[in-house]
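Single-letter residue listing:
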Amino acid sequence: MANPPAEAWEVMKRSKIKRSPVDWALQYLWNLPEISVVLNGMNSLQMLNENCDSAGRSGVSSLQEEDLNIIGDLIKIYRKKILVPCTSCKYCLPCPSGVNIPQNFAILNNVALEKSNVRKWLNKRDYKKMANSPKKLNQTKSNGNASLCINCGICLEKCTQEINIPNELKNVHLILKKGKKISDIYKDK
Ligand code: SF4
Ligand code: SF4
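Residues numbered from 1 in each chain as written. Chains lettered and ligands numbered in written order. Predicted model: local features only at pLDDT ≥ 70, side-chain atom pairs only at ≥ 80, totals over all residues. Heavy atoms only, no water.

### A look at the site of ligand 1
Phase 1 of the analysis: For ligand 1, the full set of nearby residues is Cys-95, Pro-96, Ser-97, Ile-101, Cys-149, Ile-150, Asn-151, Cys-152, Gly-153, Cys-155, Pro-166 and Leu-169.
Phase 2 of the analysis: In the shell around ligand 1, the residues fall into nine nonpolar, three polar and no charged. (Near = heavy atom within 4 Å. Nonpolar A, V, L, I, M, F, W, Y, C, P; charged D, E, K, R; others polar.)

Pasting the structure below:
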């Protein structure tokens, strides 16, 4: 939610209450009675303050019907646009071949979400920066790209989202390196 696509911005603009994209996501979670704790990555004091502010305005069943309609429309946009439903939980790591599985999926999803060709190109450049051979692997931080997957299957049972990781990694490489069109591979997107 931190970098929403243009369609999502349009939906959020409809709301009388102005919220940041992250605030929408947090309010959605805290509105649900079954959620007691939200773990949200923060890497600056500003993010910490914004999240505390958001928590201070939250509460179970605090969202109005209008808010829930907006969230429903946002969910539809994300479901349609996101190619691989990876949540970056990292339970599939480490990969014995050094593939940074969630990073590969995040780059692919970012390319799919982005309308601007420049931003698409920047995301594809991130893929190029990853290691494409065992020699280039960073020993302390997993940085392998999708091409290093040897289809061992170790990650499959660890994935919390039941993603067919080796298959999806093949798609990542076909799109980000071999120039295949997203629509050639993900027919419903
Ligand atoms: S199937 Fe591929 S990504 Fe999964 S653990 Fe094996 S080499 Fe790594
Ligand atoms: S376990 Fe599945 S959802 Fe979690 S990071 Fe790995 S691929 Fe993504």
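### Considerations on the nonpolar core
Phase 1 of the analysis: Counting 27 residues, the largest nonpolar core has Ile-101, Phe-105, Leu-108, Ile-165 and Leu-176 as the members making the most contacts within it.
Phase 2 of the analysis: Of all the secondary structure elements, the ones that give two or more residues to this core are α5 (101-113) and α7 (165-176).
Phase 3 of the analysis: Per element, the largest residue contribution to this core is six residues, and it comes from α5.
Phase 4 of the analysis: Apart from residues no more than four positions distant in its own chain, Leu-176 is found in contact with Ile-107, Leu-108, Val-111, Lys-124 and Tyr-127.
Phase 5 of the analysis: Membership of the second largest hydrophobic core comes to 10 residues, among which are Val-11, Ile-71, Ile-77 and Tyr-78. (Core = buried A, V, L, I, M, F, W, Y, C linked by side-chain atoms within 4.5 Å. Buried < 20%, exposed > 50% of the residue type's maximum accessible area, 1.4 Å probe, protein only. Helix = DSSP H or I, 4+ residues; strand = E, 2+ residues; numbered from the N terminus. Contact = heavy atoms within 4.5 Å.)

### Examining the site of ligand 2
Phase 1 of the analysis: The full set close to ligand 2 counts 13 residues, and Cys-86, Cys-89, Lys-90, Cys-92 and Cys-159 are the nearest of them.
Phase 2 of the analysis: Here the shell around ligand 2 gets three residues from one element, more than from any other, and that element is α5.
Phase 3 of the analysis: Split into classes, the residues belonging to the shell around ligand 2 amount to eight nonpolar, four polar and one charged.

### Examining the packing of α5 against α7
The axes of two packed helices give the description: the angle between them and the distance between them.
Phase 1 of the analysis: Between α5 and α7, the shortest axis-to-axis distance is 10 Å and the interhelical angle comes to 50 degrees. Between α5 and α7, the crossing angle belongs to the class labelled oblique. Judged by the sense of rotation from one axis to the other, the crossing of α5 with α7 is left-handed. Along its contact with α5, which presents Ile-101, Asn-104, Phe-105, Ile-107, Leu-108 and Val-111, the element α7 presents Ile-165, Glu-168, Leu-169, Val-172, Ile-175 and Leu-176.
Phase 2 of the analysis: Partitioned by chemical class, the residues of the contact of α5 with α7 number 10 nonpolar, one polar and one charged. (Axes fitted to C-alpha atoms, helices over the stretch in contact; angles between N-to-C directions. Parallel < 35°, antiparallel > 145°, perpendicular 65-115°, else oblique. Left-handed = near helix turned anticlockwise from the far one by under 90°.)

### Brief notes about the side chain of Glu-168
Phase 1 of the analysis: Structurally, the position occupied by Glu-168 is in helix α7.
Phase 2 of the analysis: Apart from the residues lying within four places of it in its own chain, the contact partners of Glu-168 are Val-84, Phe-105, Ile-163 and Tyr-186.

### Examining the packing of aromatic side chains
Phase 1 of the analysis: Going through the model one piece at a time under the given rule, you end up with zero aromatic pairs.
Phase 2 of the analysis: Sitting above the plane of the Trp-24 ring, Arg-19 keeps its charged end 4.6 Å from the centroid. (Phe/Tyr/Trp six-rings, centres within 6.5 Å; stacked < 30°, edge-to-face > 60°. Lys NZ or Arg CZ within 6 Å of the ring centre and 35° of its normal.)

### Considerations on unusual backbone geometry
Phase 1 of the analysis: Of note, the amide linkage connecting Leu-93 to Pro-94 takes the cis form, showing an omega dihedral of 0 degrees.
Phase 2 of the analysis: Positive phi, normally seen in glycine, also occurs at Ser-88, with a value near 60 degrees.
Phase 3 of the analysis: Inspection of the secondary structure assignment puts Ser-88 in the loop between α4 (65-81) and α5.

### Focus on the environment of Leu-122
Phase 1 of the analysis: Within the secondary structure layout, Leu-122 lies in helix α6 (residues 117-129).
Phase 2 of the analysis: Looking at Leu-122, the relative accessible area reads 31%, which means it is partly exposed.
Phase 3 of the analysis: Put simply, Leu-122 and Val-111 are 11 residues apart on the chain and 8.8 Å apart in space, counted from C-alpha to C-alpha.

### Some points on the pattern of salt bridges
Phase 1 of the analysis: Counted under the stated rule, the structure contains 10 salt bridges.
Phase 2 of the analysis: Among the salt bridges present, the one from Glu-10 reaches Lys-13, with a minimum N-O distance of 3.2 Å. Here the residue Glu-10 and the residue Lys-13 both occupy positions in helix α1 (residues 6-13), the gap between them amounting to three residues, near one helical turn.
Phase 3 of the analysis: On the basis of relative accessible area, Glu-10 is assigned to the partly exposed category, the value being 48%.
Phase 4 of the analysis: Residue Asp-67 pairs with Arg-19 through a salt bridge whose shortest N-O separation is 3.3 Å. Of this pair, Asp-67 sits in helix α4 while Arg-19 sits in the loop between α1 and α2 (21-30), and the two are 48 residues apart along the sequence. (Salt bridge = Lys/Arg side-chain N within 4 Å of Asp/Glu carboxyl O.)

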